[in-house]
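Here is how the chains run, residue by residue.
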Amino acid sequence: MTITIIKKKMTNIFEIKKEYIDLMNEVINNEGEFTPELLEKLEINEKDLKDKAINYAYVIKNIEYENKIIDIESDRLKELKARNNIKITNLKKTVKKSMEVYNIDKIDSPILKLSLRKSESVNIIDESKISHNLIKTTINTAPDKIAIKSALKSGSIIDGAEIVTNINLQIK
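Since we're looking at a predicted model, the values are computed, not measured.

1. Focus on a nonpolar patch on the surface
Where nonpolar side chains cluster on the molecular surface, the patch consists of V95, V101, Y102, I104, I107, I111, L112 and L114 and spans about 810 Å² of accessible area. Structurally, L114 is set in strand β2 (residues 113-115).

2. A closer look at unusual backbone geometry
For N103, which is not a glycine, the phi torsion comes out positive at approximately 55 degrees. For N103, the location among the structural elements is in the loop between α2 (36-101) and β1 (106-108).

3. Regarding the layout of surface pockets
In this model, the largest pocket occupies a volume close to 320 Å³. Contributing to the lining of the largest pocket are T89, K92, K93, V95, K96, M99, E100, S115, L116 and R117. With seven residues, the single largest contributor to the lining of the largest pocket is α2. Looking at the lining of the largest pocket, its residues break down into three nonpolar, two polar and five charged. Counted as a void, the second largest pocket has a volume near 220 Å³. Around the second largest pocket sit P143, K145, I148, K149, L152, G160, A161, E162, I163 and V164, which together line it. For the lining of the second largest pocket, a count of residues per class yields six nonpolar, one polar and three charged.

How each quantity is defined
Residues numbered from 1 in each chain as written. Predicted model: local features only at pLDDT ≥ 70, side-chain atom pairs only at ≥ 80, totals over all residues. Heavy atoms only, no water. Patch = residues over 30% accessible without salt bridge, like charges linked within 9 Å, V, L, I, M, F, W, Y side chains within 5 Å. Areas by Shrake-Rupley, 256 points an atom, 1.4 Å probe, with all protein chains shown as cover. Salt bridge = Lys/Arg side-chain N within 4 Å of Asp/Glu carboxyl O. Helix = DSSP H or I, 4+ residues; strand = E, 2+ residues; numbered from the N terminus. 1 Å grid on protein atoms, 1.4 Å probe; cavity = no way out; pocket = protein on both sides within 12 Å on 5 of 7 lines; lining within 4 Å. Points joined across faces, edges and corners; volume = space filled by probe spheres on them. Nonpolar A, V, L, I, M, F, W, Y, C, P; charged D, E, K, R; others polar.

Okay, structure coming up:
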């Protein structure tokens, strides 16, 4: 028994789009008349597009799922890093306190050197008592898109803004 495998050429959406444009040009060249051959080609072309679009949607859903897994793993790693930073801080405090108890300023080893050094920092006890000329003010400005959209929908004209209608692909 012999099995014959027929390989069908797989086309992507871009090739289907080009084929559709070529078919439409053929219709234009026929002065807008659809021949039975053109109708058949259009039908096959549309079916290919639907099949490919569904396959693309499966790939999109798979990548979205991978992104959710990455987000979960990223959150887990951030939590792990935060726990590690707490451990580092606690271990440093323990070594520092021990060195202070024994009045040791420096510990040397062939690989590492530990030492205590003095530094200064400012501790704000009550911010309200600080003079205004010593307060740093940070201002963030951004257009309020919700308010702008509401105003535009109610008929207001706002220079520099417009409502744009988008067509988005939704995959459920």
